[in-house]
Amino acid sequence: MDIVVCVKHVPDAQGDRTFTESDKTVDRTSVDGLLSELDEYAVEEALKIAESHEGSTVTVLTVGPDQAGDAVKKSLQMGADKGVHVSDEAIHGSDAAATSLVLAEAIKKIGSPDLVLTGMASTDGTMGLVPAMLAERLGLPMATYASEVTLDGSTVTIRRDGDTATERIEVSLPAVVSVTDQINEPRYPSFKGIMAAKKKPVETWALADLGVDAGQVGLDNAWTTVESFTARPPREQGEIVKDEGEGGTALAGFLASRKFI
Amino acid sequence: MAEVLVLLDHTDGKLKKTSAELLTLAKRLGEPSAVFVGSGVDVALPVLAKYGAEKVYVAELPDAADYLVVPTVEVLAATVEQAHPVAVLLTSTPAGKEVAGRLAVKTGAGVLTDAVDVEAGEGGKPRTTHSVFAGSYTVNATGATDTTIVTVKPGSVAPAAVQGAAEQVALDVALSDLARSAKIVSSEPKQSTGRPDLTAAQIVVSGGRGTGGDFGPVEAFADSMKAAVGASRAAVDAGWYPHTLQVGQTGKQVSPQLYVACGISGAIQHRAGMQTSKTIVAVNKDEEAPIFELVDFGIVGDLFQVLPQATEAIAKR
């Protein structure tokens, strides 16, 4: 089973994330980056599938500037077999459509994987569009928001826990599957894993290696434009009451004063 | 006037509330046209006319609901080609976003997701408002393409009734092999809690680690105000509450009139799901809990004491 996992390097959500003033793109330098938490679940699921299918290969793929290599590294430390990092200055400011184009071409160059796994969304843009765009570009079926993945021969069945129903969805391989944070508990890299990762192959590709023209990607060619960004004014802290036996009454009093009850 | 397509979210013709919301937003941009995929259009027509749909494109595909999104994408792509709309509006749900992603690649149209407002911008193109980075920034964006696809969060606008012709236009779309590639083989409906829907509720009461797994006081307090009940990730991960009711970055993003956080510390993961709420109240034993930085009113105290007392006080009113 050949599996490609798409991962993203994102600014840490614990930091004060912001935008770059000049071009209104996400500021990827002022806050430390890391492997998007939601992608760790995809890496973990790939490793679990590989462990139960002898002869499997897990390739982790990212698109992003130099520091995005850290996302590949972390995935290799977790246990992925090899990495591909597509990096090219022309990619800066790309929208979801251009990102999916680069990913799709990279996946074609890697080979024809049986399964492409992704997280449900990135933790920075949170659009959740890339998996679907990727499936469309690769002409593959797709099952999204999996909280369980079962492989049986050339069929993948996923469980999706929706608001109104729990569904089981079946697709034939090759396919794209996106997973939620409910699917597994991602492993921490072990010392052995960290040492082993140093010897694992990582290829770095530029757009030219993929036959993608710079005119198809980047900020100037994006299909959407960010016009402005405004920091939300910080909330002003209101009254804090210590409960000394009348806290519940005080709470009801506040709710009544605001006409909620 | 340019057409604006609205993809209808429905079950056998019974429309979700978001369909009227999208038609209301579409009217701001041009002439609203609804796109109906599936069966039961006769049930939907009166509602569509009431909320201003001038045209209703109908693709009668009785088995569309048995497959994930691709049949809908192919119908929409054909409609975009025919109508040259300035925008395609969909609901921000997992399915809505999946349709949007595939449709964008198929038609070369830009996509803007999770809009909380849509208005007509330059040249009649949609100008959208988004809340990003866990609600810490507001972003305005536009499409750079002739057609822009926008997914809109539920509850972003109050539906406005305005009569439309709702003239039916039959679509005959030949589906590809890929259309029926992701089959829904089983569907078990969830039992309803009888409480309001989390993302649409005016009041949300959530419980976290501080409940210790006992949501009884949280639920009783919520019920006294006819509120929806949510949970923090810690509570969901501990198995105390279903994931579908998780409020936070990887759960639901809510923006009610009133949000009450009970026994929730207020980690960024949680704040991402609730900090755009109009009024925020917290009950927490730990006076250092970061959630108190956000509140309009906070009680430092044990939720097992405070909530039952408040519930009783509300019942007496």
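Looking up chain B in an unreviewed UniProt entry gives the name Electron transfer flavoprotein subunit alpha, with the organism given as Arsenicicoccus piscis. Here is the UniProt Subunit (unreviewed entry) comment for chain B, exactly as written: "Heterodimer of an alpha and a beta subunit."

Chain A is annotated in an unreviewed UniProt entry as Electron transfer flavoprotein subunit beta of Arsenicicoccus piscis. What UniProt states about chain A under its Subunit (unreviewed entry) heading is, verbatim, "Heterodimer of an alpha and a beta subunit." According to the UniProt record, the Function (unreviewed entry) comment for chain A is "The electron transfer flavoprotein serves as a specific electron acceptor for other dehydrogenases. It transfers the electrons to the main respiratory chain via ETF-ubiquinone oxidoreductase (ETF dehydrogenase)."

### Considerations on the UniProt feature "domain: Electron transfer flavoprotein alpha/beta-subunit N-terminal" (unreviewed entry) in chain B
Residues given the UniProt feature "domain: Electron transfer flavoprotein alpha/beta-subunit N-terminal" (unreviewed entry) here are residues 4-189 of chain B. Across residues 4-189 of chain B, helical content stands at 27% and strand content at 37%; the span's end C-alpha atoms are separated by 33 Å.

### What about the side chain of Arg160(A)?
Following the sequence through the fold, Arg160(A) ends up in strand β9 (residues 155-161). Using a relative accessible area of 11% as the deciding quantity, one classes Arg160(A) as buried. Those residues in contact with Arg160(A), other than ones at most four positions away along the chain, are Thr144(A), Tyr145(A), Ser147(A), Ala165(A), Thr166(A), Glu167(A), Ile169(A), Leu68(B) and Glu98(B).

### Section: the UniProt feature "domain: Electron transfer flavoprotein alpha/beta-subunit N-terminal" (unreviewed entry) in chain A
Listed under "domain: Electron transfer flavoprotein alpha/beta-subunit N-terminal" (unreviewed entry) in the UniProt record, and renumbered for this structure, are residues 23-214 of chain A. In this annotation, residues 23-214 of chain A is assigned 31% helix and 28% strand; the end-to-end C-alpha distance for the span is 18 Å.

### A few points about the sheet that holds β9(A)
Two strands in a sheet stick together by hydrogen bonds in their backbones, pointing the same way (parallel) or opposite ways (antiparallel). Taken together, 4 strands build an open sheet; the order of strands is β8(A)-β9(A)-β10(A)-β12(B) and the sheet is antiparallel. Every other strand in the sheet has two partners, leaving β8 (148-152) of chain A together with β12 (183-189) of chain B as the edge strands with one partner each. Each strand of the sheet is rotated relative to its neighbour by a mean of 15 degrees, with strand direction disregarded. Relative to strand β10 (residues 165-172) of chain A, β9(A) runs antiparallel, the two sharing 7 bridges. When the sheet's bridge partners are listed, Ile158(A) is paired in β10(A) with Ile169(A).

### Re the interface of chain B and chain A
Facing 85 residues of chain B, the contacting portion of chain A comprises 77 residues. When the two sides are added together, the surface that chain B and chain A hide from each other amounts to roughly 6,900 Å², 56% of it contributed by carbon and sulfur. If you look at where chain B meets chain A, you find 9 salt bridges. Viewed at the interface, chain A and chain B are joined by 42 residue pairs in polar contact (both at pLDDT 80 or more). Grouping the constituent residues of the side of chain B that touches chain A by class yields 40 nonpolar, 28 polar and 17 charged. Bridge analysis of β10(A) against β12(B) gives 6 bridges, and the strand direction is antiparallel. Bridge pairing in β12(B) links Ala165(A) to Pro189(B).

Criteria and cut-off values
Residues numbered from 1 in each chain as written. Chains lettered and ligands numbered in written order. Predicted model: local features only at pLDDT ≥ 70, side-chain atom pairs only at ≥ 80, totals over all residues. Heavy atoms only, no water. UniProt positions renumbered as here; feature names shortened; annotations may be inferred. Helix = DSSP H or I, 4+ residues; strand = E, 2+ residues; numbered from the N terminus. Buried < 20%, exposed > 50% of the residue type's maximum accessible area, 1.4 Å probe, protein only. Contact = heavy atoms within 4.5 Å. Pairing = 2+ DSSP bridges. Axes fitted to C-alpha atoms, helices over the stretch in contact; angles between N-to-C directions. Buried area = accessible area lost by both parts, 1.4 Å probe. Salt bridge = Lys/Arg side-chain N within 4 Å of Asp/Glu carboxyl O. Polar contact = N/O pair within 3.5 Å; in protein donor to acceptor, adjacent residues only side chain to side chain. Nonpolar A, V, L, I, M, F, W, Y, C, P; charged D, E, K, R; others polar.

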